[in-house]
Amino acid sequence: MSELPAEPGPVEDLFEAVDTAARLLGGPVVVEDADFRVLAYSAVAGQPNDEARRSAILNRRTPDRWLRWMEESGIRQRLQRDDRLIRLDAPWPSPLRRYIRPVRSDGRVVGYLWLMSDDAELAPDVEGLARDFAGIVAPELARRGRARGEHPGARLLRRFLGGYLPAAQLAQELEVDGDDVDAVILVFGTGIQPPGAVALRALSRYARMKPHTWLAATLSARTYLLHVAPELSEATVDQLVRETSADLERAARAPVCAAAGSAVHGLASALRSREEADLTLRVLQARERRTGCFSALRHEVLLHEVVSFLRARPVLTRGLLDGLSTHDRLHGTDYQRTLRVYLDSFGDVRRAAEALHIHANSMRYRLKRLADLAPLDLDDPDARLAVQLVLAAIRSP
């Protein structure tokens, strides 16, 4: 029996891959794009068929009544969040049982895998096989989706951001002097989840209404906008983020999170602006904020990246404040908060005492006591900085 490839990769013959999947899954298979257009279907001798499958193959699309029923029954909504095979119990008779699962690339639905069977139950390993096959065809479905709906300018920007197109060549395509022009990269997401396909298409269409010095492209489940102008100020960039975000929310009909890198001089520096925009977007999404610019949020971006690194490497934070947290937990004290307030007050005992609503002498006693519980030298500026970073890392995200 044939086996699916061990690793996902390019699929040169989608029909051949679908035939292989049909033999392994034990029933007819259809692969569709994100708009339910048929891309490939199995033709394995002896496997069952029915009118709905014949109609889909003939018309190259899932029949309208199936799509209406899937919308009304909530199946299409489930497909946006559920990666398992979903059994379809349509309200009309059919000799075949139908199952469907989404095919995702970079968190975005790029198509659907249909499986049909005339058996009462699926084999136990069908779920895993369907998952593996979806992973194999995902890059091909994503590529076809981009090729079908992508604006030429989107291909330029995607190649540039991916490092495949030199800045000089992009400048030539844009008909600008790449060495004597300002540029900025904006990045867009929807909420804190990966953007949906509809929102991403709306974001990409936005740039098509702009002059040729505006390019938009989708890359790694995010949409990027490049703006080139003779001169760009940070105030202009801030206004651009706000206005673009509002326009896109109306177009995408979804909450949009928009971030901008710095305005840079020279098109080659736009890649730096893209990196700054990505970092800024992470901060905005983590803090559930909608818009922001790297230039205004630089310190928040820096702290977020450092804290994220420390949280991923607990060996760096373990032990420094364990004595305080253990004592607080066992005895109901609040030494960890006392330390945080003291450091936030820049070592001003009276100011920290006022913030905690205690007497200054009580504050001094607490500082002496917490120094006994943890190896802290609060007179050492490096130690204070390290403690503040650890406190930020162990604070609830």
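Rules used throughout
Residues numbered from 1 in each chain as written. Predicted model: local features only at pLDDT ≥ 70, side-chain atom pairs only at ≥ 80, totals over all residues. Heavy atoms only, no water. Pairing = 2+ DSSP bridges. Helix = DSSP H or I, 4+ residues; strand = E, 2+ residues; numbered from the N terminus. Axes fitted to C-alpha atoms, helices over the stretch in contact; angles between N-to-C directions. Contact = heavy atoms within 4.5 Å. Buried < 20%, exposed > 50% of the residue type's maximum accessible area, 1.4 Å probe, protein only. Arc of directions from axis to C-beta. Polar contact = N/O pair within 3.5 Å; in protein donor to acceptor, adjacent residues only side chain to side chain. Phe/Tyr/Trp six-rings, centres within 6.5 Å; stacked < 30°, edge-to-face > 60°. Salt bridge = Lys/Arg side-chain N within 4 Å of Asp/Glu carboxyl O. Core = buried A, V, L, I, M, F, W, Y, C linked by side-chain atoms within 4.5 Å. Lys, Arg positive; Asp, Glu negative; His and termini not counted.

The name recorded for the protein in an unreviewed UniProt entry is PucR C-terminal helix-turn-helix domain-containing protein, from Amycolatopsis deserti.

A. A look at the sheet that holds strand β1 (residues 29–33). Overall, antiparallel pairing links the five strands, which are arranged β2-β1-β5-β4-β3 in an open sheet. Two strands close off the open sheet at either side, each with one partner strand: β2 (38–41) and β3 (86–88). Across the sheet, the mean angle from the axis of one strand to that of its neighbour is 25°, orientation sign disregarded. Pairing of β3 with strand β4 (residues 97–105), which is carried by three bridges, proceeds in the antiparallel orientation. What sits directly across from Arg-87, in β4, is Tyr-99. Each of β1, β2 and β5 (108–117) is contacted by helix α1 (residues 14–25), which is oriented at about 55° to β2, the strand it contacts most.

B. Inspection of the environment of Ser-262 at higher detail. Here Ser-262 lies in the loop between β9 (257–260) and β10 (264–265). The spacing of Ser-262 and Ser-273 is eleven residues in sequence and 5.4 Å in space, taken between C-alpha atoms. If we ignore the near neighbours within four places in the chain, the residues touching Ser-262 are Ala-183, Val-184, Glu-234, Ser-273, Glu-276, Phe-294 and Arg-298.

C. Layout of helix α14 (residues 349–356). Turning to α14, its buried residues number three or more, namely Val-349, Ala-352, Ala-353 and Leu-356. In a view along the axis of α14, the buried residues occupy a sector of 100°, so they form one face of it. What points out from α14, more than 90 degrees from its buried face, is the exposed set Arg-350 and Glu-354. For α14, the secondary structure elements touched by its buried residues are α13 (335–344) and α15 (360–373). Regarding α14, its N-cap is Asp-348, as a side-chain oxygen of that residue lies 3.1 Å from the backbone nitrogen of Arg-350 further along. Phi turns positive one or two residues past the end of α14, at His-357, with a value near 60°.

D. Molecular detail of the packing of aromatic side chains. All told, the structure shown has six aromatic pairs when counted by the stated rule. Judged by centre distance (4.3 Å) and plane angle (10°), the rings of Phe-36 and Tyr-112 are stacked. With Phe-36 in the loop between β1 and β2 and Tyr-112 in strand β5, this residue pair connects regions lying 76 residues apart in the sequence. The exposure classification of Phe-36 matches that of Tyr-112, with both residues buried.

E. Examining the environment of Arg-364 more closely. Positionally, Arg-364 belongs in helix α15. Overall, the relative accessible area of 39% leaves Arg-364 in the partly exposed class. Each C-alpha atom, one on Arg-364 and one on Val-349, is 7.1 Å from the other, the two residues being 15 residues apart in sequence. Among the polar contacts made by the side chain of Arg-364, one reaches the side chain of Asn-361 at a distance of 3.0 Å.

F. Looking closely at the pattern of salt bridges. According to the stated counting rule, one finds 20 salt bridges in the structure shown. Across the pair Arg-242 and Asp-238 runs a salt bridge, and its minimum N-O distance is 3.2 Å. Of this pair, Arg-242 and Asp-238 both sit in helix α9 (residues 234–252), four residues apart, which is roughly one turn of that helix. We note a salt bridge from Arg-282 to Glu-305, for which the minimum N-O separation is 2.9 Å. With a gap of 23 residues between them, Arg-282 in helix α10 (residues 270–286) and Glu-305 in helix α11 (residues 294–312) connect regions that are remote in the sequence.

G. A look at the pairing of β9. Of the two faces of β9, the one carrying Cys-257 and Ala-259 and the one carrying Ala-258 and Ala-260 are both buried. When strand β6 (residues 182–189) meets β9, the two strands line up antiparallel, connected through four bridges. Within β9, the residue paired with Val-187 across the bridge is Ala-259. The pairing of β9 with strand β11 (residues 291–293) spans three bridges and is parallel. The residue bridging Ala-259 from the neighbouring strand is Gly-292, located in β11.

H. Representation of the nonpolar core within the structure. One finds Leu-157, Phe-160, Leu-170, Leu-226 and Leu-267 to be the most contacted residues of the largest nonpolar core, which totals 32 residues. Mapped by element, the contributors of at least two residues to this core are α6 (152–161), α7 (167–174), β6, β7 (214–219), β8 (222–229), β9, α10 and α11. Considering every element that reaches this core, the biggest residue donor is α10, with six residues. If we ignore the near neighbours within four places in the chain, the residues touching Leu-157 are Leu-215, Ala-216, Ala-217, Tyr-224 and Leu-226.

I. Representation of the side chain of Asp-19. Note on placement: Asp-19 falls in helix α1. Despite its burial, Asp-19 remains without a salt bridge, the nearest opposite charge being carried by Arg-23 at 4.9 Å. A polar contact is formed between the side chain of Asp-19 and the backbone nitrogen of Ala-43, at a distance of 2.7 Å. The residues touching Asp-19, leaving out its near neighbours within four places in the chain, are Tyr-41, Ser-42, Ala-43 and Val-44.

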